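Remarks on the overall topology
Chain by chain, the residues:
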Amino acid sequence: MSIKLKKISKKFNSRSFFKSSPLLVLDSIDLNLSKGDILGISGPNGAGKTTLFKIISGLIEPSSGEVAIDNRFNKYFAYINTNSRSFYWRLSARDNFIFHGKLLNLSNNEIEKSIVELSNKFEVEDILDIPFMKLSSGQMQTMSIIRGLLKKPDYLILDEATTSLDIQKSNRILIEIKKFIIKNNIPTIWCSHDIEEVEFMCNRFSILNKGELQILSKNDFKNYKKKLSHYCFEIKKQDLRKLASIKKVKILSEFKNSSIVKFEESIDLKDNLKLFVNNDIDVIEIFNKKNIDY
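First, a word on what this report is: a plain description of the structure on this page. Values in this document were obtained by computation on a predicted structure and should not be read as measured data.

1. Comments concerning the overall build of the protein chain
Across its full length, the protein chain holds 9 helices and 13 strands. A compact globule built from 294 residues would reach a C-alpha radius of gyration of about 19 Å, and the protein chain, at 21 Å, matches this within 12%. Taken over the C-alpha atoms alone, the protein chain extends approximately 60 × 50 × 45 Å along its principal axes. Within the protein chain, buried positions represent 45% of all 294 residues. Of the contacts formed within the protein chain by residues at least 6 apart in sequence, a portion of 69% connects residues at least 24 apart.

Quick look at the structure:
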């Protein structure tokens, strides 16, 4: 099984009140993905990652170029993202899985077997029958992962799959997904802003930026990783709202007068510090994220 992209480009019409103009989102992308490949894709928001995944999975057509996939229409693409709205919220997670399994032409026995195995792996057996709307965002995301794996995928795309998960749950899920991928030899694309997560999960690496895909060697990826921020920052609570209006941040801990935060998107440490200075935000302390338990 393989996926081959040849000179894939995608343009959208960008419309203003007076005119429309073409917006190039993807620019001549080449990619080969084979059995055993777990390709990590990193890059800033708006780089074109989601558009690329939708083209690969057949949800949208490229403006030019060719997508070559072995027996495409007989293959199951699992695309796992953060869209919990694709579930029926008044139904339980179990009922959602049964419905989804029927759409995939799985038998009742196959659906039940998958639910039991996956809920056990991801430790959610006790919440399967709770209405989906009553689950936490992290629990919803776990159910989204289980749904994607309900039928063994021929190809797997994970787009920020661990969003909303706490660090302990995230680590457990990463281990189980990696074991699942390796055991079933599934060609996989793993997209995340968490560079440590990409390094742990993947055996191939790339950066998508401004519509261009750059494949990196392992050494090049390690050098790229060194340039990125793995730091958390303690700032005054009064500055938190100001910072959150500029960049997406995750609050790791809160105290009486301060909060410890990290940026959701990895950016160069110098750019982090420049952002604080330019916006008159005082940094009380800087922590290396590798050395603290968040």
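2. Section: helix α8 (residues 237-244)
If you check which residues of α8 are buried, you get D239, L240 and L243. Along the axis of α8, the buried positions cluster into a sector of 120°, meaning they face one direction only. Counted as exposed and oriented over 90 degrees from the buried face of α8: Q238 and R241. Buried positions along α8 lie against β10 (231-236), β11 (249-254), β12 (258-263) and α9 (269-278).

3. A look at the side chain of E197
Tracing the backbone through its elements, the reader meets E197 in helix α6 (residues 195-201). For the buried residue E197, which engages in no salt bridge, the nearest side chain bearing the opposite charge is K262, 8.7 Å off. Setting aside chain neighbours within four positions, we find E197 in contact with T162, S170, L174, W190 and S192.

4. Some words on the pattern of salt bridges
Taken as a whole, this structure holds 11 salt bridges when the rule is applied. Among the salt bridges present, the one from K225 reaches E196, with a minimum N-O distance of 3.5 Å. Here K225 is found in helix α7 (residues 218-227), whereas its partner E196 is found in helix α6, with 29 residues between them in sequence. For K225, a relative accessible area of 12% corresponds to the buried category. Several salt bridges share partner residues, and in doing so they unite E123, R172, E176 and K179 into one network.

5. Some words on the environment of M140
Tracing the backbone through its elements, the reader meets M140 in helix α4 (residues 137-149). Considering only alpha carbons, one finds M140 and V277, 137 residues apart in sequence, at a separation of 37 Å. For M140, the residues in contact, after removing those within four places along its chain, are S84, W89, F132, M133 and L135.

6. Quick notes on a nonpolar patch on the surface
Nonpolar side chains collect at one region of the surface, where Y88, L91, F99 and L103 lie side by side and expose about 390 Å² of accessible area between them. Looking at the secondary structure, you find Y88 in the loop between β5 (77-80) and α2 (93-103). Residue class for Y88 comes out partly exposed when judged on its relative accessible area of 45%.

7. As for the layout of surface pockets
Taken as a whole, the second largest pocket holds about 490 Å³ of empty space. Residue lining of the second largest pocket: 20 residues in total, with Y76, Y79, S86, H100 and R147 positioned closest to the centre. At the level of secondary structure, the elements contributing two or more residues to the lining of the second largest pocket comprise β5, α2 and α4. Classifying every residue of the lining of the second largest pocket by side-chain character gives 11 nonpolar, 8 polar and 1 charged.

8. Section: the nonpolar core
It is characteristic of soluble globular proteins that their nonpolar side chains tend to be buried jointly. Counting 43 residues, the largest nonpolar core has F97, F122, M143, L149, L156, I177 and W190 as the members making the most contacts within it. The residues touching F97, leaving out its near neighbours within four places in the chain, are F87, I111, I115, L128, M143, I146, R147 and L150.

9. Observations regarding the packing of α2 against helix α3 (residues 108-121)
Relative orientation of the contacting elements α2 and α3 amounts to 135°, with a least axis distance of 10 Å. For the element pair α2 / α3, the angle class is oblique. Judged by the sense of rotation from one axis to the other, the crossing of α2 with α3 is right-handed. For the pair α2 and α3, contact is made by R94, F97, I98, G101 and K102 and by N108, I111, E112 and I115, respectively.

10. Side note on the environment of N219
Within the secondary structure layout, N219 lies in helix α7. For the pair formed by N219 and K11, sequence separation is 208 residues and the distance between their alpha carbons is 33 Å.

Criteria and cut-off values
- Residues numbered from 1 in each chain as written.
- Predicted model: local features only at pLDDT ≥ 70, side-chain atom pairs only at ≥ 80, totals over all residues.
- Heavy atoms only, no water.
- Helix = DSSP H or I, 4+ residues; strand = E, 2+ residues; numbered from the N terminus.
- Rg over C-alpha atoms; globule rule 2.2 N^0.38 Å.
- Buried < 20%, exposed > 50% of the residue type's maximum accessible area, 1.4 Å probe, protein only.
- Contact = heavy atoms within 4.5 Å.
- Arc of directions from axis to C-beta.
- Lys, Arg positive; Asp, Glu negative; His and termini not counted.
- Salt bridge = Lys/Arg side-chain N within 4 Å of Asp/Glu carboxyl O.
- Patch = residues over 30% accessible without salt bridge, like charges linked within 9 Å, V, L, I, M, F, W, Y side chains within 5 Å.
- Areas by Shrake-Rupley, 256 points an atom, 1.4 Å probe, with all protein chains shown as cover.
- 1 Å grid on protein atoms, 1.4 Å probe; cavity = no way out; pocket = protein on both sides within 12 Å on 5 of 7 lines; lining within 4 Å.
- Points joined across faces, edges and corners; volume = space filled by probe spheres on them.
- Nonpolar A, V, L, I, M, F, W, Y, C, P; charged D, E, K, R; others polar.
- Core = buried A, V, L, I, M, F, W, Y, C linked by side-chain atoms within 4.5 Å.
- Axes fitted to C-alpha atoms, helices over the stretch in contact; angles between N-to-C directions.
- Parallel < 35°, antiparallel > 145°, perpendicular 65-115°, else oblique.
- Left-handed = near helix turned anticlockwise from the far one by under 90°.

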